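# Architecture at a glance
Now for the letters of each chain:
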Amino acid sequence: MTRDDSILDDEAAWEAVQRRDPEFDGRFVTGVHSTGIYCRPSCGAKTPARKNVRFYRDGAAAREAGLRPCKRCTPDDVARDRQAVALVLPRLKAAGAPIALADLASGVGYSPGHFQRIFKRQVGLSPAAYGRALRMQRVDGALDGTDSVTGALYAAGFQSSSRFYEQAEGRMGMAPSVWNDGGKGATLYWAVVGTSLGDMLVAASEKGVCRLSFDEGVEDLRRRFPKADLVEGGAPFNCLLQQVIDAVEMPGAAYAHIPLDVRGTAFQEACWKALRAIPPGETRSYADIATAAGNAKAVRAAGAANARNHVAVLIPCHRVIRSDGSLGGYAYGLEIKRRLLKKERG
């Protein structure tokens, strides 16, 4: 294809198809000549062999070449789908309470099941999950300006505190009151240990590791959680600590089982999940992480999610580099980032 404002060159288009990037839906269609169909770049069907693929400006061009639209991804409906989602997003953002999927779908002329699929394809979350994420973010903002956790929950659109905790279970670590009051009521176990990368601070609540950093000490931890009860060591914590040390010192060590106590917005947590999915020794760009998290345009937000990562190595933000191949930044210095990557690459 010839590159212009709407079409990429073949190599870039093929890369978009391989990662099923919804950001490129509507910019071109993928013609699969072995099956005689054309698809959106984001189509969830099995990726075809490169030799069977040609790219077309739009569905009309593909049909002229004798192809028919994919029934799974309905590539000719891209513009209508985008408009439908664009109309629904402001409703969800303005809503003080959950909106039924059937109500959202009927408002834009779709069946509930089909609208659920196109919304998730574009946004990365279902309408219900997106609404919950918005309300969780409102809680974060409300907690910054009020002493009343209950008041913040109702202000964010939760009809009861039990609904909030039910939806927060498994997603968040410390309770909202702890976030809002410098760790008041929480007990954090900690240690500073020497590693091949320098001194490492590890801290954990009863739910999991909440801080892993280099060249920091207990005073840094106290500044983050001034009202928490900080306890050095302890038998159960020392067992967890050894697992963390192994994860840092042994390239490729399995550490997915190590419990974490971290929190963030829905997008930040999606970025952290994408980071944990990068195999040791490999790297991804910030754009790759944004795409994996469901919003290909949010490259800066993906960078901010990296910066908000409080558990280095266990959420491996050192595996993210710039699109030009340079290392980019790292909270603990580029030398530690280089050494981590070198360890993993053997």
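The structure reproduced in this document is the subject of the present report. Position numbers for residues start from 1 in each chain and track the written sequence from start to end. At least 70 in pLDDT is required for a residue's local features to be given in this predicted model, at least 80 for side-chain atom pairs to be given and counted, and no such filter applies to totals for whole chains, interfaces and linings, which use all residues. The side-chain numbers reported here are obtained from all heavy atoms of the structure, hydrogens and water having been left aside.

### Points about the sheet that holds strand β7 (residues 209-214)
In space, the four strands of this open sheet follow the order β7-β6-β5-β8, with mixed pairing throughout. Lying at the two open borders of the sheet, with one neighbouring strand each, are β7 and β8 (229-232). Pairs of neighbouring strands in the sheet enclose a mean axial angle of 25 degrees, with direction left out of account. Docked against the sheet, helix α11 (residues 235-249) engages β5 (187-195), β6 (198-204) and β7, running at close to 135 degrees with respect to β6. Criterion used throughout: strands pair if DSSP finds at least two bridges between them. Strands here are runs of E lasting at least two residues and helices are runs of H or I lasting at least four, both read from the DSSP assignment and numbered beginning at the N terminus. As a rule, the C-alpha atoms of each element are fitted with a line to give its axis, helices using only the stretch in contact, and angles between N-to-C directions run from 0 to 180 degrees. Two residues qualify as a contact provided that any one of their heavy atoms is within 4.5 Å of a heavy atom in the partner residue.

### Quick look at the pairing of strand β1 (residues 29-32)
Side chains V29 and G31 of β1 all project onto a buried face; the interleaved residues T30 and V32 project onto the opposite face, where all are buried too. Where β1 and strand β3 (residues 53-56) come together, four bridges link them in antiparallel fashion. In the sheet register, T30 faces β3, and the bridge partner there is F55. Pairing of β1 with strand β2 (residues 37-39), which is carried by three bridges, proceeds in the antiparallel orientation. Of the residues in β2, the one forming a bridge with V32 is I37. Counting the residues in the hairpin turn of β1 and β2 gives four residues, including G36, whose phi is positive at 80 degrees. Think of it in three bands: with a 1.4 Å probe and only protein chains considered, a residue is buried below 20% of the maximum accessible area for its type, exposed above 50%, and partly exposed in between.

### Observations regarding the packing of aromatic side chains
Note on ring pairs: Phe, Tyr and Trp rings are taken, using the six-membered ring of Trp, and paired if centres are within 6.5 Å. Classes follow the plane angle, with under 30 degrees stacked, over 60 edge-to-face and the rest tilted. Applying the stated criterion to the full structure yields five aromatic pairs. Their ring planes at 85 degrees and their centres at 5.4 Å tell us that F28 and F55 sit as a pair that is edge-to-face. Highlighted residues: F28 in the loop between α1 (10-18) and β1 and F55 in strand β3, separated in sequence by 27 residues. Ring plane angle 45 degrees and centroid distance 6.2 Å describe the contact between Y110 and F115, whose orientation is recorded as tilted. Since its relative accessible area comes to 0%, F115 is described here as buried. Members of the aromatic cluster, each reached through a chain of ring pairs, are Y110, F115 and F119. Over the aromatic face of W14 sits the side chain of R50, whose NZ or CZ is 5.3 Å from the ring centroid. Comment: the charge-over-ring label is applied if NZ (Lys) or CZ (Arg) is within 6 Å of the ring centre and within 35 degrees of the ring normal.

### Quick look at unusual backbone geometry
At T74, a position not held by glycine, the phi torsion is positive, near 40 degrees. For T74, a relative accessible area of 21% puts it in the partly exposed group. Of note in the backbone geometry, D215 takes a positive phi value of approximately 60 degrees without being a glycine. Tracing the chain through its elements places D215 in the loop between β7 and α10 (218-224). According to the relative accessible area criterion, D215 is exposed, its value standing at 58%.

### Let's talk about the pairing of β5
Alignment of β5 against β8, held across four bridges, turns out to be parallel. Note that in β8 the partner of Y189 across the bridge is V231. Sheet topology note: the β5/β6 ladder contains seven bridges and is antiparallel. Each residue of the ladder has a partner; that of W190, found in β6, is A203. Hairpin geometry of β5 and β6 is characterised by an intervening segment of two residues between the two adjacent antiparallel strands.

### Quick word on the pattern of salt bridges
If the charged atoms of two oppositely charged side chains come close together, the side chains can form a pair. Each salt bridge in this description consists of a side-chain nitrogen of Lys or Arg and a carboxyl oxygen of Asp or Glu lying within 4 Å of one another. By the definition in use, this model includes eleven salt bridges. For R40, the salt bridge identified is with D25, shortest N-O distance 3.9 Å. Placement of R40 in the loop between β2 and β3 and of D25 in the loop between α1 and β1 is noted, with a sequence separation of 15 residues between them. Here R40 falls in the buried class, since its relative accessible area comes to 4%.

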